[in-house]
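Below are the chains, spelled out letter by letter.
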Amino acid sequence: GTGILPTPTIGAVGILHSLQDLIAGRPQDGDIAVLIGETKGHLGQSALLAEAFGIESGDAPHVDLALEKRNGDFLRANRTLLRGATDLSDGGLALAAFEMAEGAGLGVTLNSADIAQLFGEDQARYLVCCAKSDAEDLVKAAKSANVIASAVGQFGGKDVAFGTASASLADLSTLYRTAFAKAVA
């Protein structure tokens, strides 16, 4: 009965010459969460505004293809330091960290409680997990490559914490895994 807003869609396929190039691991207890790329806190057209507040306004985040390439190239060049990686998209840092942690059955603590930093959907960003010594080396390598990278938290425990707010991983996992079925039942 109503029109559907245009939905621009971009599909991409990457080809790996060797499975050795795949970054597909999961975080381990004690791993450091490192954010690659700059967070400006872009919330226009974000999942947070749409899902939590029913607001679908503002511009989508700007895409800088040169920055996307630089950060992606850096990630691939330093893959031996990483246990796992994911891009930041819908839901921003908070959802990416939760999904990585939940997939590994671990809690996660992010140092920030800032809504824009946690849920902003700025482009050209990745969340990676590394052993502590590898995280330090990764941040140093990023500085040398003129790539923004910083430790933003740690994986481990049984809770998901953003700043001082926390909840049980088990409770959040149940909600995450059953919400869709309950909504359409």
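Check the entry above for the structure.
Just so it is clear, the structure is predicted and the values come from calculations on it, not from any experiment. (Residues numbered from 1 in each chain as written. Predicted model: local features only at pLDDT ≥ 70, side-chain atom pairs only at ≥ 80, totals over all residues. Heavy atoms only, no water.)

J.: Would you explain the layout of surface pockets in this entry?
T.: If a probe as big as a water molecule is rolled over the atoms, it shows which places are left empty. In this model, the second largest pocket occupies a volume close to 650 Å³. Going through the elements one at a time, helix 1 (47–53), helix 3 (92–104), strand 6 (159–162), strand 7 (165–168) and helix 6 (169–184) are the ones with two or more residues in the lining of the second largest pocket. Partitioned by chemical class, the residues of the lining of the second largest pocket number 15 nonpolar, two polar and two charged. (1 Å grid on protein atoms, 1.4 Å probe; cavity = no way out; pocket = protein on both sides within 12 Å on 5 of 7 lines; lining within 4 Å. Points joined across faces, edges and corners; volume = space filled by probe spheres on them. Helix = DSSP H or I, 4+ residues; strand = E, 2+ residues; numbered from the N terminus. Nonpolar A, V, L, I, M, F, W, Y, C, P; charged D, E, K, R; others polar.)

J.: Would you mind showing me how to read the pattern of salt bridges here?
T.: Opposite charge on two side chains allows them to pair when their charged atoms are near. This structure, assessed with the given rule, holds five salt bridges. Residues Asp-21 and Arg-79 are paired through a salt bridge, measuring 2.8 Å at the closest nitrogen-oxygen approach. Here the residue Asp-21 occupies a position in the segment before strand 1 (32–36), and Arg-79 occupies one in the loop between helix 2 (65–77) and strand 2 (84–87), the gap between them amounting to 58 residues. A relative accessible area of 29% places Arg-79 in the partly exposed class. Among the ionic pairs, Arg-83 bridges to Asp-31, the shortest N-O distance being 2.7 Å. Of this pair, Arg-83 sits in the loop between helix 2 and strand 2 while Asp-31 sits in the segment before strand 1; the two residues are 52 residues apart in sequence, bridging distant segments of the chain. Shared partners join several salt bridges into a network, and the residues in it are Lys-69, Asp-73 and Arg-76. (Salt bridge = Lys/Arg side-chain N within 4 Å of Asp/Glu carboxyl O. Buried < 20%, exposed > 50% of the residue type's maximum accessible area, 1.4 Å probe, protein only.)

J.: Just checking my understanding: could you explain the sheet that holds strand 2 for this structure?
T.: Either a parallel or an antiparallel arrangement is found when strands of a sheet pair, and the pairing is made through backbone hydrogen bonds. Across the sheet, which stays open at both edges, the seven strands sit in the order 2-4-1-5-3-6-7 with mixed pairing between neighbours. Edge positions in the sheet fall to strand 2 and strand 7, since each has one partner strand and no second. The mean inter-strand angle of the sheet, taken between neighbouring strand axes irrespective of direction, is 20°. Here strand 3 (residues 108–110) runs beside strand 6; their pairing, made up of three bridges, is parallel. Within the sheet, the bridge partner assigned to Val-108 lies in strand 6 and is Val-160. Sheet contacts for helix 5 (residues 132–144): strand 1, strand 4 (126–130) and strand 5 (149–155); angle to strand 1, the most-contacted strand, approximately 15°. Along the sheet, helix 6 makes contact with strand 6 and strand 7, crossing strand 7 at roughly 75°. (Pairing = 2+ DSSP bridges. Axes fitted to C-alpha atoms, helices over the stretch in contact; angles between N-to-C directions. Contact = heavy atoms within 4.5 Å.)

J.: Would you mind showing me how to read the side chain of Asn-78 here?
T.: Turning to its location among the elements, Asn-78 is positioned in the loop between helix 2 and strand 2. You can call Asn-78 buried: its relative accessible area is 15%.

J.: Teacher, can you tell me more about the pairing of strand 1 here?
T.: Each regular strand shows side chains that alternate between the opposite faces of the sheet. With five of five residues buried, strand 1 lies mostly within the body of the structure. Across the two faces of strand 1 the burial is the same, with Ile-32, Val-34 and Ile-36 and Ala-33 and Leu-35 all buried. Judged from the five bridges that link them, strand 1 and strand 5 form a sheet pairing that is antiparallel. Pairing of Ile-32 across the sheet is with Gln-154, part of strand 5.

J.: How should helix 3 be read in this particular structure?
T.: Across its 13 residues, helix 3 extends 19 Å between first and last C-alpha, which sits within 8% of the 18 Å expected from 1.5 Å per residue. Listed in full, the buried residues belonging to helix 3 are Gly-92, Leu-93, Ala-94, Ala-96, Ala-97, Phe-98, Met-100, Ala-101 and Glu-102. Positive backbone phi, at 70°, marks Gly-105, one or two positions downstream of helix 3. (Expected span 1.5 Å × (residues − 1).)

J.: Please clarify how unusual backbone geometry should be interpreted in this entry.
T.: Where the residue is not glycine, phi is negative for most of them; where a peptide bond is considered, it is trans in most cases. Unusually for a residue other than glycine, Ala-124 sits at a positive phi of about 60°. Looking at where Ala-124 falls in the secondary structure, it is placed in the loop between helix 4 (115–119) and strand 4. Positive phi is not limited to glycine here, since Asn-146 has a value of about 60°. Within the fold, Asn-146 resides in the loop between helix 5 and strand 5.

J.: It is not clear to me how the pairing of strand 6 should be interpreted in this structure. Could you clarify?
T.: Bridging between strand 6 and strand 7 involves four bridges; their strand directions are antiparallel. Residue Phe-162 lies in a different strand from strand 7, and its bridge partner there is Ala-165.

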